[in-house]
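In case you want the letters, here they are:
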Amino acid sequence: LAKTTQPISMDSYEGQEVNITCSHNNIATNDYITWYQQFPSQGPRFIIQGYKTKVTNEVASLFIPADRKSSTLSLPRVSLSDTAVYYCLVGPMGRRALTFGSGTRLQVQP
Amino acid sequence: GAVVSQHPSWVICKSGTSVKIECRSLDFQATTMFWYRQFPKQSLMLMATSNEGSKATYEQGVEKDKFLINHASLTLSTLTVTSAHPEDSSFYICSATFSGQGGRVHTDTQYFGPGTRLTVL
């Protein structure tokens, strides 16, 4: 499984756009990129998933360059409730387990 | 769609007792379920992979006789921590994947339960 590297922590203020970049230099051809959000004492929540270019849903956007060696999760206009740990995972679709890295701890302040 | 539940949400037990944790996919059939463990301030660590109707596959270092996994149906997997000890105290999280087509559930994407906090005294 491709290893991922993310910043350990990030700080932001309410209303700002937050971009969290994840490096995955060894991504394989059949790997997808998936981002999860986790609050304390809760299970991870699926945010977004993509293979290439740009994916957007109601909560976030995911930007993937052509070489797919990195990806950026973009959270528009964050609020205090977006304070959480964000995990970037890379792996093939299917019945395969995910390997969680350390994640990025996002702190949103008023 | 894609709701995974766990029961109980928390449990406190005495050392030496066994504890069963249930994981259910509420609105989809899960061909594969995974069990993770998470210690405070750490990331999730995979314990085992469970496919419906077959034996679970355990990760290296996880004792299969201590952490019994049963995946008897497409919507239910159970994890039993046998003869629990204080070092087994942790946050146990399951996830489920859907391998069908269509709907609001992404195929082959893992959806996680809310977790179960186990405290062994």
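Residues numbered from 1 in each chain as written. Chains lettered and ligands numbered in written order. Predicted model: local features only at pLDDT ≥ 70, side-chain atom pairs only at ≥ 80, totals over all residues. Heavy atoms only, no water.

*Asks:* Whenever I open this one, the overall build of chain A confuses me. Can you help?
*Replies:* Across its full length, chain A carries zero helices and nine strands. Helices (α) and strands (β) of chain A occur, in sequence order from the N terminus, as β-β-β-β-β-β-β-β-β. The C-alpha radius of gyration of chain A comes to 13 Å, within 12% of the 13 Å expected for a compact globule of 110 residues. For chain A, the spread of C-alpha atoms along the three principal axes comes to 40 × 30 × 25 Å. Counting every position in chain A, which comprises 110 residues, the buried fraction comes to 47%. A fraction of 57% describes how many contacts in chain A between residues 6 or more apart in sequence connect residues 24 or more apart. (Helix = DSSP H or I, 4+ residues; strand = E, 2+ residues; numbered from the N terminus. Rg over C-alpha atoms; globule rule 2.2 N^0.38 Å. Buried < 20%, exposed > 50% of the residue type's maximum accessible area, 1.4 Å probe, protein only. Contact = heavy atoms within 4.5 Å.)

*Asks:* Please clarify how empty space enclosed by the protein should be interpreted in this entry.
*Replies:* Picture a little ball the size of a water molecule; that probe, rolled over the atoms, points out where space is still empty. A full pass over the atoms with the stated rule returns one cavity of 30 Å³ or more. When its volume is computed, the largest cavity comes out at roughly 100 Å³. For the largest cavity, the lining is made up of 15 residues, of which Thr34, Gln49, Pro92 and Leu98 of chain A together with Asp108 of chain B are closest to its centre. Sort the elements by how many residues they give to the lining of the largest cavity and strand β8 (residues 84–92) of chain A lands first, with four residues. (1 Å grid on protein atoms, 1.4 Å probe; cavity = no way out; pocket = protein on both sides within 12 Å on 5 of 7 lines; lining within 4 Å. Points joined across faces, edges and corners; volume = space filled by probe spheres on them.)

*Asks:* Hey, could you run me through the pairing of strand β3 (residues 19–25) of chain B in this one?
*Replies:* Residue and element names in this part refer to chain B. Alternating residues of β3 divide into Val19, Ile21, Cys23 and Ser25, all buried, and Lys20, Glu22 and Arg24, none buried. Summarising the sheet, strand β1 (residues 4–7) and β3 pair through four bridges and their orientation is antiparallel. Within the sheet, the bridge partner assigned to Val4 lies in β3 and is Ser25. Here six bridges tie β3 to strand β8 (residues 76–81), and the two strands are oriented antiparallel to one another. Bridged to Val19 within β8 is Val81. (Pairing = 2+ DSSP bridges.)

*Asks:* How should the sheet that holds strand β6 (residues 61–64) of chain A be read in this particular structure?
*Replies:* Either a parallel or an antiparallel arrangement is found when strands of a sheet pair, and the pairing is made through backbone hydrogen bonds. Residue and element names in this part refer to chain A. If you trace the four strands from one edge of the open sheet to the other, you get β2-β7-β6-β5, paired in antiparallel fashion. Here the strands that pair on one side only, and so sit at the sheet edges, are β2 (18–23) and β5 (53–56). Geometrically, the sheet is characterised by an average inter-axis angle of 15° between neighbouring strands, direction not taken into account. Of the pairings in the sheet, the one linking β6 to strand β7 (residues 70–75) comprises three bridges and is antiparallel in character. Bridge pairing in β7 places Ser61 opposite Ser74. (Axes fitted to C-alpha atoms, helices over the stretch in contact; angles between N-to-C directions.)

*Asks:* Which parts of the structure should I look at to understand unusual backbone geometry?
*Replies:* Excluding glycine, most residues fall at negative phi; most peptide bonds, likewise, are trans. That bond from His7 of chain B to Pro8 of chain B is cis: its omega, 0°, falls within 30 degrees of zero. Summarising the element assignment, Pro8 of chain B is placed in the loop between β1 and β2 (10–13). Of note in the backbone geometry, Ser41 of chain A takes a positive phi value of approximately 60° without being a glycine. Positive phi, close to 60°, is recorded for Arg68 of chain A, a residue that is not glycine. One can find Arg68 of chain A in the loop between β6 and β7.

*Asks:* Explain the sheet that holds β3 of chain B to me, please; I cannot follow it from the model alone.
*Replies:* Residue and element names in this part refer to chain B. Spatially, four strands are ordered β1-β3-β8-β7 in an open sheet, and the strand pairing comes out antiparallel. Each end of this open sheet is capped by a strand with a single partner; those strands are β1 and β7 (67–73). Strand-to-strand twist in this sheet, taken as the mean axis angle between neighbours without regard to direction, amounts to 15°.

*Asks:* Sorry if this is basic, but what is going on with the state of the cysteines here?
*Replies:* Should the sulfur atoms of two cysteines be covalently bonded, the bond is a disulfide. A full pass over the atoms with the stated rule returns two disulfides over all chains. Sulfur-sulfur distance for the disulfide between Cys22 of chain A and Cys88 of chain A comes to 2.2 Å. Here the disulfide of Cys22 of chain A and Cys88 of chain A is left-handed, its torsion about the S-S bond being about -80°. Of the two residues, Cys22 of chain A sits in strand β2 while Cys88 of chain A sits in strand β8, which places them 66 residues apart along the sequence. Side by side, Cys22 of chain A and Cys88 of chain A carry an identical accessibility label, which is buried. Free cysteine Cys13 of chain B: the closest other cysteine sulfur is in Cys94 of chain B, separated by 18 Å. (Disulfide = S-S within 2.5 Å.)

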